[in-house]
Amino acid sequence: MTTRNGLFGWYFGTSLLLRIIVALVAGVVVGIGLTFGSPEVAKQFVSSTAFFGDVFIRLLKMIVVPVIAFSLITGAAGITPSRLGRVGIWVLFYYIVTSAVSVVLGLGFAALTNPGAGMNIIGSAAAVAKSASAPSMITILLNVVPTNIFESLAKGDILPIIFFAMVFGIALSYAKDSSDKAVARGAEMLFDITSAAAEVMYKIVGGIMQYAPIGVFVLISSVFAQQGPKAVGPLLLTTLTFYAALVVLLIVGYGLLLGAFGLNIVTFLKGAREAMITAFVTRSSNGTLPVSLRVCEENLGVPRSIASFSLPLGATINMNGTAIYLGICAVFISNAVGMPLNFNQQIMVVMTATLAAIGTAGVPGSGAIMLLMVLDSVGLKIDAGSAAAAAYAMILGIDALLDMGRTWINVTGDIMVSAVVAKQEGELDATVWQQQPARA
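Residue positions within a chain follow its written sequence, with the count starting from 1. In keeping with the model being predicted, local features are shown solely for residues with a pLDDT of at least 70 and side-chain atom pairs are shown and tallied solely at 80 or more, while totals for entire chains, interfaces and linings include all residues. Working from all heavy atoms in the structure, the side-chain values ignore hydrogens and water.

Just checking my understanding: could you explain the overall build of the chain for this structure?
Strands here mean DSSP runs of E at least two residues long; helices mean DSSP runs of H or I at least four residues long; both are numbered from the N terminus. From N to C terminus, the chain includes 18 helices and 0 strands. Working definition: with a 1.4 Å probe on protein chains only, accessible area under 20% of the residue-type maximum means buried, over 50% means exposed, and in between means partly exposed. Counting all 440 residues of the chain, 54% fall into the buried class. Residue contacts follow a heavy-atom distance rule, with two residues in contact if any of their heavy atoms lie within 4.5 Å. For the chain, the share of sequence-separated contacts (at least 6 apart) that also reach a separation of at least 24 residues comes to 83%. For the accessible areas, the method is Shrake-Rupley and the probe is 1.4 Å, while residue cover comes only from the protein chains on display. Of the roughly 18700 Å² of accessible surface on the chain, 69% is carried by carbon and sulfur atoms.

Laid out in structure tokens, this is it:
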């Protein structure tokens, strides 16, 4: 819990979002200011402050594997087999498909605008990364299945960890539902442990994010000290590309799916708007859940039996906005370091980002952690001092702004799927939809 008392009370008593924005602006100003002075002074600043930025990168890398493992195990195990009937299968189907489509949409928009192209950020790991050859798709698919999960955990091989965590979580779900009371009791205890471990990791993420303004300032100022004002344009282009993709997904993607079941997108937006605004402001799918449940039932006619299953599940595994974010940011970072993604790597981004979106916690800033996983899958290692780390730091500087948009779409997607499944199953209250335009 933060406090306004003590030596650093002014720091912890200020909004984290505000601190990150101030750090971003200060880093840009200081970095650009250094470009007008002596090159030696700029070089000395970069080398003298590198430690503080490197610590931030190492802290982030420290938590990637445990966050992924515990989040996915808990999420998969939380789906009770008895509820995975017809409704559950359709909810899961729509969540997975819309997440995959969202990644493709993000990559498509990134291909149109090509964010980060021409920046040529230089780092100590750039030459090594450029010389690495991309593996074939067959090799990629085989490597998803681990031969030794402990080796994969030790090496930080992300896709095998994801695969094992999901399989383990599903098996744990069935064990919890076992008719053998001893097995069920033990599985419940294990589930409680993994759930607690996931919550502990989210607390650690929150603690690391308290250091984020310092890390962002150092890393951003170093980038601008070397790149100058020309780095502003790519960041703005990335942000505009991201929000354009979100709007297209909302109007076209969600609109077409709703329309296929005879549901009007305008009526839907009017009914869901309170939850959408709450999600944008709070940047938390979990925090918006009570509002989402209420608008689903009261404004959109979704029965509680469906909403109480689909929405909590969606807050855990349905992250369409995050999927778009991961695709666009992966392209930005790869372009910025002079390593544009090839076709195989883009397929890998689709696979990994879809799985990452499933494993992303519904709390502020978690998407930036999952971006590390996606970058790792295409050979962009975020090592201290590397070009990829510098480009990643630029994304972190604007992550709060991007987080608002991705949470907004994440929550809207959860509500949309709930309405579609309810209509598909003949349980949607059509009179609510007929009354909605007149009531709004």
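So much for the structure itself; the text now carries on.
Please clarify how the packing of helix α4 (residues 86-113) against helix α17 (residues 387-424) should be interpreted in this entry.
At a minimum axis distance of 10 Å, the contact between α4 and α17 shows a crossing angle of 140°. By the angle between their axes, α4 is oblique relative to α17. Of the two possible hands of crossing, α4 and α17 adopt the one that is right-handed. Within the contact between the two elements, α4 uses Val87, Trp90, Val91, Tyr94 and Tyr95 and α17 uses Gly413, Asp414, Val417, Val420, Val421 and Gln424. Ten residue types, Ala, Val, Leu, Ile, Met, Phe, Trp, Tyr, Cys and Pro, are classed as nonpolar, four, Asp, Glu, Lys and Arg, as charged, and the remainder, Gly among them, as polar. In terms of residue class, the contact of α4 with α17 is made up of 8 nonpolar, 2 polar and 1 charged. As a rule, the C-alpha atoms of each element are fitted with a line to give its axis, helices using only the stretch in contact, and angles between N-to-C directions run from 0 to 180 degrees. Orientation labels follow simple angle bins: below 35 degrees gives roughly parallel, above 145 gives roughly antiparallel, 65 to 115 gives roughly perpendicular, and whatever is left gives oblique. In a left-handed crossing the near helix is turned counterclockwise from the far helix by less than a right angle, and in a right-handed crossing that turn is clockwise.

Help me out: how do you make sense of the nonpolar core in this one?
Soluble, globular proteins show a tendency: their nonpolar side chains are buried together. Among buried residues, those of type Ala, Val, Leu, Ile, Met, Phe, Trp, Tyr and Cys that are joined through side-chain atoms within 4.5 Å constitute a nonpolar core. Within the largest apolar cluster, 126 residues are counted, with the highest numbers of intra-cluster contacts made by Ile333, Tyr392 and Ile415. Take this core: its biggest share by element is 22 residues, from α17. Non-local contacts of Tyr392, meaning those with residues more than four positions away in its chain, are made with Ile57, Leu60, Ile333, Ala368, Ile369, Leu371, Leu372, Leu375 and Ile382. The next biggest cluster of nonpolar side chains, apart from the first, holds 5 residues, and it includes Leu34, Ala42, Phe45 and Val46.

How should the packing of aromatic side chains be read in this particular structure?
What describes a pair of aromatic rings is the distance from one ring centre to the other and the angle between the planes of the rings. For Phe, Tyr and Trp, where Trp contributes only its six-membered ring, two rings pair if their centres lie within 6.5 Å, and the inter-plane angle classes them as stacked under 30 degrees, edge-to-face over 60, or tilted in between. In this structure the tally under the stated criterion is 8 aromatic pairs. Ring geometry for Phe242 versus Tyr243: centroids 5.3 Å apart, planes at 85°, classification edge-to-face. Note on accessibility: Phe242 and Tyr243 belong to one class, buried. Two thresholds decide whether a charge sits over a ring: the Lys NZ or Arg CZ must be within 6 Å of the ring centre and within 35 degrees of the ring normal. Over the ring of Phe191 we find Lys176; its NZ or CZ atom is 3.8 Å from the centre of that ring. Its guanidinium or amino end placed over the ring of Tyr325, Arg406 lies 4.0 Å from that ring's centre, counting from NZ or CZ.

Honestly, unusual backbone geometry in this entry has me stumped. Any pointers?
Of all residues except glycine, most have a negative phi; of all peptide bonds, most are trans. One non-glycine residue, Asn114, lies in the positive phi region at around 55°. Tracing the backbone through its elements, the reader meets Asn114 in the loop between α4 and α5 (126-131).

Would you explain α17 in this entry?
Residues spaced three or four apart along an α-helix point in a common direction, a consequence of the helix completing one turn every 3.6 residues. Expected helix span is taken as 1.5 Å per residue step, with the number of steps being one fewer than the number of residues. For α17, spanning 38 residues, the distance from its first C-alpha to its last is only 49 Å, which falls clearly below the expected 56 Å at 1.5 Å a residue. Roughly 60° is the biggest bend found in α17, and it falls at Asp399. Among the 38 residues in α17, 35 count as buried, and that is most of the element. Looking one or two residues past α17, Gly426 carries a phi angle of roughly 70°, positive in sign. Note that the bend at a residue is defined as the angle between axes fitted to the seven residues ending at it and the seven residues starting at it.

Where do I start with α4 in this structure?
Helix length check: α4, at 28 residues, gives a terminal C-alpha distance of 41 Å against a target of 40 Å (1.5 Å per residue), a fit within 8%. Positive backbone phi, at 55°, marks Asn114, one or two positions downstream of α4.

Whenever I open this one, a nonpolar patch on the surface confuses me. Can you help?
A patch consists of residues whose relative accessible area exceeds 30% and which take part in no salt bridge; residues with like charges are grouped when within 9 Å of each other, and nonpolar side chains (Val, Leu, Ile, Met, Phe, Trp, Tyr) when within 5 Å. By definition here, a salt bridge exists when the distance from a side-chain nitrogen of Lys or Arg to a carboxyl oxygen of Asp or Glu is within 4 Å. On the surface, Phe164, Phe168, Leu190 and Ile193 cluster together to form a nonpolar patch covering roughly 330 Å² of accessible area. Residue assignment for the nonpolar patch shows that the elements contributing at least two residues are α8 (158-176) and α9 (181-227). Among the structural elements, Leu190 can be located in helix α9. Under the relative-accessibility criterion, Leu190 is labelled partly exposed at 32%.

Explain the pattern of salt bridges here, please?
Pairing between side chains of opposite charge can happen when their charged atoms approach one another. Applying the stated criterion across every chain yields a total of 3 salt bridges. One salt bridge in this structure joins Glu298 and Arg294, with 3.9 Å as the shortest N-O distance. Pair noted here: Glu298 and Arg294 are both in helix α12 (residues 285-298), with a separation of 4 residues, about one helical turn. Measuring nitrogen to oxygen at the nearest pair gives 3.1 Å for the salt bridge that ties Asp403 to Arg406. Taken together, the positions of Asp403 and Arg406, both in helix α17 and 3 residues apart, correspond to about one turn of that helix. Comparing Asp403 with Arg406 shows no difference in burial state: the two are buried. Sharing partners across several salt bridges, the network here consists of Glu274, Arg294 and Glu298.

In this structure, what is going on with the packing of helix α10 (residues 232-260) against α17? I would like to understand it.
Pairs of packed helices are described in terms of their axes, by the angle between the two and the distance that separates them. One way to put it is that α10 packs onto α17 with a least axis distance of 10 Å and a crossing angle of 0°. Here α10 is positioned roughly parallel relative to α17, judged by the angle of their axes. Here the residues of the contact of α10 with α17 are counted per class, giving 19 nonpolar, 5 polar and 1 charged.

I'm lost on the side chain of Thr98 in this one. Help?
Topologically, Thr98 is positioned in helix α4. Two N or O atoms form a polar contact when they lie within 3.5 Å of each other; inside protein one atom must be a possible hydrogen donor and the other a possible acceptor, and for residues adjacent in sequence the pair counts only when both atoms belong to side chains. Within the local environment of Thr98, its side chain forms a polar contact with the backbone oxygen of Tyr94, the two atoms lying 2.7 Å apart. When near neighbours in sequence (up to four residues on either side) are disregarded, Thr98 contacts Asn318 and Asn320.

When you look at the side chain of Thr49 in this model, what are you seeing that I'm missing?
Structurally, Thr49 can be placed in helix α3 (residues 39-77). Within the structure, Thr49 has its side chain in polar contact with the backbone oxygen of Phe45 (distance 2.8 Å). When residues no more than four places from it in sequence are discounted, the contact partners of Thr49 are Val218 and Ser222.

Hey, could you run me through the environment of Ala387 in this one?
As for its placement among the helices and strands, Ala387 is situated in helix α17. Sequence spacing of Ala387 and Gly338 is 49 residues, and the spatial spacing of their C-alpha atoms is 9.3 Å.

The analysis is restricted to geometry; functional conclusions fall outside its scope.
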